[in-house]
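Listed below are the residues making up each chain.
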Amino acid sequence: MSKIQDQDLEIFEAIEREKQRQAEGVELIPSENYTSEAVMEACGSILTNKYSEGYPGKRYYGGQENIDTIENLAIARGKELFGAEHVNVQPYSGSPANTAIYFALLEFGDTVMGLKLDHGGHITHGLPIAFSGRAYNFVAYGVDKETGKIDMEEVRRLAHEHKPKMIVAGFTAYPRDIDWKAFKEICDEVGAISMADISHTAGLIAGKALESPVPYFDVVMTTTHKTLRGPRGAMIMCKEKYAKAIDRAVFPGLQGGPHENAIAGKAIAFKEALQPAYQEYAQQVIKNAKHLAEELKKRDFKLVSDGTDTHLILVDLTNKGVPGKQAQARLDEVGITLNKNTIPFDPRSPMDPSGIRLGTPAITTRGMKEPEMEKIADWIDRTINNIDNEEMLAQIKEEVKEMCLKFPVPGIEI
Ligand code: DSN
């Protein structure tokens, strides 16, 4: 970072402070992770200099021989990792990737089904004020009030009633595994295109810790920087019959020049995820999440759906008398980063909801295991129970820092 230090001290110092924050804190935002130094090198490499509109072998500008090698490797490794028929590695991120899928396979105004935002769906799954909600007629399904789990009978009923052209299965804040086969059956019953958004769980699927929708679904989208532990970005997988439409929608339909530095990072991350050690990582992410969930329950935290099958936990703080926004802010102060989140049927506003969302991908990358989950549950409990006790919070912050410094973050020297 010496060049940045010489040239731009303000940015250098902000990055240094961020390094310190990442090293000294417990990162529990379930969509975040620490990518490898190799991936970061690729993202910061000279590949950022190159324009390469088009696809390998069919580019618009010259000088593509090395770019084609890189993108072909990313595609081949993506296919191998997920067993996909066709892969597009160019989407800049999850939202443009989902938009490209809709643009490829739907007409504006078509009916689509997706999970309600306040039940765990994403803004690109039909939020009325987002592009998805304005361009398409989204019909939302939700979770069962008692179980907190997706109500597949409601999905079936709504599908038969509305005859959607596409059903989106996937989430951004839902703690349970998805029954892909059941979704696919419903899609087949009504002739809908099946679309899975596995952004949160792609790494757990690649690591064979969760079942994959790829064999059954028409189209599958994932971001590459969450459990998959790659660079910021996304990829689309689909059946061969949709390949042309998807590629055309990504470029030139929606995007211009692909970010080949990020695509090189994706190729490296996919290679890492193909190694046996990655499967151990994926298993441990889930073991940690289940253990953390149990430890929180022991301390009288109420979990949506009463637990987790994945990396993600959604806590309803109503019984603690501390709203999500205040919990997030105070936990931030002690070095525990997570996010406030709506819970299903939340009586509070999305800006200050009743819940918090947390997860284990990042802390598992650092090597934390079950004993550390117990400490983290304890710190969360003590913070929530002593929300106005500055002395106690300062003490917890020291304890958090002491533990974190024993677990290195890739690319950060302590
Ligand atoms: N922002 C992501 C998440 O936190 O789940 C979704 O796009």
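Worth saying up front: this structure is predicted, and the values here are computed from it rather than measured.

> Which residues make up the overall build of the protein chain, and what values go with them?
Helix and strand counts for the protein chain come out as 16 helices and 15 strands. The globule rule puts the C-alpha radius of gyration for 414 residues at 22 Å, and the 21 Å found for the protein chain is close to it. With respect to the principal axes defined by its C-alpha atoms, the protein chain has extents near 60 × 60 × 40 Å. Split into buried and exposed, the 414 residues of the protein chain put 58% on the buried side. As presented, the protein chain carries roughly 17900 Å² of accessible surface, and 50% of it is formed by carbon and sulfur atoms. Here the protein chain contributes 49 positive and 61 negative side-chain charges, whose respective centroids are spaced 3 Å apart.

> Can you break down the packing of helix α13 (residues 324–333) against helix α15 (residues 370–385) residue by residue, with the values?
With their axes 10 Å apart at the nearest point, α13 and α15 run at an angle of 120° to one another. Here α13 lies oblique to α15, going by the angle between them. Considering only the axes of α13 and α15, their crossing is right-handed. Residue-level inspection shows A327, R330 and L331 of α13 in contact with α15, the latter providing I380, T383 and I384. Of the residues in the contact of α13 with α15, the class split is four nonpolar, one polar and one charged.

> So what about the sheet that holds strand β10 (residues 234–238)? Which residues, and what values?
Pairing in this open sheet of seven strands is mixed, and the strands run β4-β10-β9-β8-β7-β5-β6 from one edge to the other. Looking at strand neighbours, the two that pair on one side only are β4 (86–88) and β6 (137–141), the edges of this open sheet. For this sheet the average axis-to-axis angle between neighbouring strands, irrespective of direction, equals 20°. Contacts from helix α8 (residues 180–190) reach β6, β7 (166–170) and β8 (193–197), with the element oriented near 170° to β7. Relative to β4, helix α10 (residues 243–254) is tilted by about 0°, and along the sheet it contacts β4, β9 (219–223) and β10.

> Talk me through the sheet that holds strand β12 (residues 312–316); I want residue IDs and the actual numbers.
Strand order in the open sheet formed by four strands is β11-β12-β15-β14, with antiparallel pairing between adjacent strands. Bordering the open sheet on either side are β11 (302–303) and β14 (339–341), each of which pairs with just one other strand. With five bridges connecting them, β12 and strand β15 (residues 355–359) associate as antiparallel partners. Counted as the bridge partner of L314 is R357 from β15. Here helix α12 (residues 276–298) sits on the sheet and contacts β11, β12 and β15; the angle it forms with β12, its principal contact strand, is near 15°.

> Give me the site of the ligand: which residues, what numbers.
Taken together, S31, H122, T172, H200, K226 and R357 make up all the residues around the ligand. With respect to the ligand, the side chain of S31 contributes an N or O atom lying 2.6 Å from an oxygen atom. At a separation of 2.8 Å, an oxygen atom of the ligand approaches a polar side-chain atom of H122. Contact with the protein chains covers 63% of the free accessible surface of the ligand, which is 230 Å². Each residue belonging to the shell around the ligand can be placed in one class, and the counts come to no nonpolar, four polar and two charged.

Criteria and thresholds
Residues numbered from 1 in each chain as written. Predicted model: local features only at pLDDT ≥ 70, side-chain atom pairs only at ≥ 80, totals over all residues. Heavy atoms only, no water. Helix = DSSP H or I, 4+ residues; strand = E, 2+ residues; numbered from the N terminus. Rg over C-alpha atoms; globule rule 2.2 N^0.38 Å. Buried < 20%, exposed > 50% of the residue type's maximum accessible area, 1.4 Å probe, protein only. Areas by Shrake-Rupley, 256 points an atom, 1.4 Å probe, with all protein chains shown as cover. Lys, Arg positive; Asp, Glu negative; His and termini not counted. Charge placed at Lys NZ, Arg CZ, Asp CG, Glu CD. Axes fitted to C-alpha atoms, helices over the stretch in contact; angles between N-to-C directions. Parallel < 35°, antiparallel > 145°, perpendicular 65-115°, else oblique. Left-handed = near helix turned anticlockwise from the far one by under 90°. Contact = heavy atoms within 4.5 Å. Nonpolar A, V, L, I, M, F, W, Y, C, P; charged D, E, K, R; others polar. Pairing = 2+ DSSP bridges. Near = heavy atom within 4 Å. Polar contact = N/O pair within 3.5 Å; in protein donor to acceptor, adjacent residues only side chain to side chain.

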